[in-house]
Amino acid sequence: MADRLFIFDTTLRDGEQVPGCQLNTVEKIQVAKQLELLGVDVIEAGFPISSPGDYNSVIEISKAVTWPTICALTRAIQSDIDVAVEALRYAKRKRIHTGIGTSDSHIKYKFNSNRDEIIERAVAAVKYARRFVDDVEFYAEDAGRTDNEYLARVIEAVIKAGATVVNIPDTTGYCLPSEYGAKIKYLMEHVSGIEKVILSTHCHNDLGMATANTMAGVLNGARQVEVTINGIGERAGNTSLEEVAMIVKCHSGLGVETNINTNKIYPTSRMVSSLMNMPVQPNKAIVGRNAFAHSSGIHQDGVLKNVQTYEIIDPHDVGIDDNSIVLTARSGRAALKNRLQALGVELSQEKLDKVYEDFLKLADKKKDINDDDVLVLAGADRTVNHRIKLDYLQVTSGVGVQSVASLGLNISGEKFEACASGNGPVDAAIKALKKIIDRNMTLKEFTIQAISKGSDDMGKVHMQVEYDGQVYYGFGANTDIIAASVEAYIDCINKFR
Ligand code: KIV
Ligand code: ZN
């Protein structure tokens, strides 16, 4: 019989740490419920001492979710653990994830300490956490660059102290798969008591090896994997849940199985991408737009003769429903509700009515409404409480003429107007905006998300604006790409502190 491989999802902790990916509590609950439907075993819901937002989210997710274990992150510090214990009070199954850096550079530069003292602190934290919960996971931060002999000493000590799960993070994404696999093997063979705990992988993708390293860990005895939806996470991201789940499903010979309902993978991916405003690269394995698109003539010919010639995964297995009803201006509320439910979004009647109204307006502008559009519409009320709103925008531009924009803003109920010319329509519109909001702000990044189908599609703009030494992230979506750009800029300004 195959061993169970536990899926520990850290989208709401490591994933949410990414600048620009922050969710509010309501959105986090939505993601957590979807993760429950997906079948994850553990949801890392946050780092409660880090902010009141994280603390509240752990409380609310604990209330909202039934089956998965809810996990809260801490440092190896008693006050962190106290706050995590409080935040987990409503969880039906709870885990504290505590730990400390174990590599020489962490010990020396981060803690100004020594190896023995680090073991003492690790042991004390695990013992302290065990006073409150039965399930304590220990992480040895930067284990990827910690020498195996010392790492084995740390792990042996925390197991004796009562750890139930031991996490071996490749925090910097440095390891080669052979190296990471050998590390897990070494621990399996040299740590006394290792059979009492579950060894966990936690790999970052700095060198593009997160999934390979995770699988090397599994092949050598790890039975929990720490992953995120779409592989989001610090810097180049974490191991992606969908990749590991489908590797395990496609390769039954590995001798492990997960509890993942793979047909919920795609809707979950879309939901996370949409709520976090984090586009999925088109060629991303499993969930990218092109993951199942066969464009070369030879491939198309083969797939038409027999789909298995070039496809190792049936798209339906990951929830890509090519027969889904195409929504148009003639679709009713029920069809919209149905599509939203398939994407994991449940709305109150009142909110559904509002989204339907916006849907009809959009359907007037573009022929077919796709899943991304529907998710953007469902999340559009994120801006209702914004102080600054775009009232109108008019732009003239073309080849051989200067672009001119006039724009109106509503700032806390007061109307303002300005006009400017610029080097292209976006430049003109932003210059007009800056005439009204005269602050020392600089556009740092400007990404227009690729339009998937048709010239009438909704354009999505991601922006980063620097103001007063801080970088703010904004998002805009509109069938008019200039308007989407201005909306994204205004979204940034609304976040200024
Ligand atoms: O990457 C890492 O080391 C982490 C730990 C806090 C688990 O995210
Ligand atoms: Zn991490």
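Since the model is a prediction, treat every value here as computed from it, not as a measurement.

Analysis parameters
- As a convention, each chain's residues are numbered from 1 in the sequence order in which they are written.
- A letter from A marks each chain and a number from 1 marks each ligand, given out in the order of writing.
- The model is predicted, so local features are restricted to residues of pLDDT at least 70 and side-chain atom pairs to those at 80 or more, both for listing and for counting; the totals for chains, interfaces and linings are taken over all residues.
- The side-chain figures draw on all heavy atoms in the structure; neither hydrogens nor water molecules are used.
- Put simply, a salt bridge is a Lys or Arg side-chain nitrogen that is within 4 Å of an Asp or Glu carboxyl oxygen.
- We count a stretch as a helix when DSSP gives it H or I for four or more residues in a row; a strand needs E for two or more, and each element gets its number in order from the N terminus.
- The cut-offs for exposure are 20% and 50% of the maximum accessible area for each residue type, with area from a 1.4 Å probe on protein chains only; residues under the lower value are buried, those over the upper are exposed, and the others partly exposed.
- Lines fitted to the C-alpha atoms define the axes, with helices restricted to the stretch that makes contact. Angles between their N-to-C directions range from 0 to 180 degrees.
- Working definition: roughly parallel below 35 degrees, roughly antiparallel above 145 degrees, roughly perpendicular at 65 to 115 degrees, and oblique for all remaining angles.
- By definition, turning the near helix anticlockwise from the far helix through less than a right angle yields a left-handed crossing, and turning it clockwise yields a right-handed one.
- Contacts were defined at the residue level, with two residues in contact if any of their heavy atoms lie within 4.5 Å.
- The criterion is simple. A nonpolar core is a set of buried Ala, Val, Leu, Ile, Met, Phe, Trp, Tyr and Cys residues joined through side-chain atoms within 4.5 Å.
- The rule for pairing is simple: two strands pair if DSSP sees at least two bridges between them.

Within this structure, the stated rule accounts for 27 salt bridges. With a shortest N-O distance of 2.6 Å, Asp206 and Arg235 are connected by a salt bridge. In this pair, Asp206 is assigned in the loop between β8 (198–203) and α9 (210–219) and Arg235 in the loop between β9 (224–227) and α10 (241–250), connecting sequence segments 29 residues apart. Exposure remark for Asp206: the relative accessible area of 30% places this residue in the partly exposed category. The shortest N-O distance in the salt bridge between Lys284 and Glu243 comes to 2.5 Å. Highlighted residues: Lys284 in the loop between α11 (265–276) and α12 (297–305) and Glu243 in helix α10, separated in sequence by 41 residues. Taking the relative accessible area as the measure of exposure, Lys284 reaches 9% and is therefore buried. What makes Glu243 buried here is its relative accessible area of 18%. Each of Arg13, Asp14 and Glu44 takes part in one network of salt bridges that share partners.

Put simply, helix α2 (residues 25–38) and α11 touch, their axes get as near as 10 Å, and they point 165° apart. Between α2 and α11, the interaxial angle falls into the category roughly antiparallel. For the pair α2 and α11, the sense of crossing is left-handed. Together, Glu27, Gln30, Val31, Gln34, Leu35 and Leu38 of α2 and Ile265, Pro267, Thr268, Met271, Val272 and Leu275 of α11 make up the contact between the two elements.

Bringing the nonpolar core into the picture now. Within the largest apolar cluster, 111 residues are counted, with the highest numbers of intra-cluster contacts made by Phe138, Ile155, Val166, Ile168, Leu241, Ile265 and Leu336. For this core, the element with the highest residue contribution is helix α7 (residues 148–161), accounting for nine residues. Counting residues in hydrophobic clusters, the runner-up holds 30 residues, among them Leu407, Ala420, Ala428 and Cys492.

Spatially, the three strands line up as an open sheet ordered β11-β12-β13, and their pairing is antiparallel. This sheet does not close on itself; its edge strands, each paired only once, are β11 (388–396) and β13 (414–422). Going from strand to strand, the sheet's axes swing by 15° on average, the running direction of each strand aside. Across eight bridges, β11 lies against strand β12 (residues 403–411) in antiparallel orientation. Paired with Leu390 across the two strands is Leu409, which belongs to β12.

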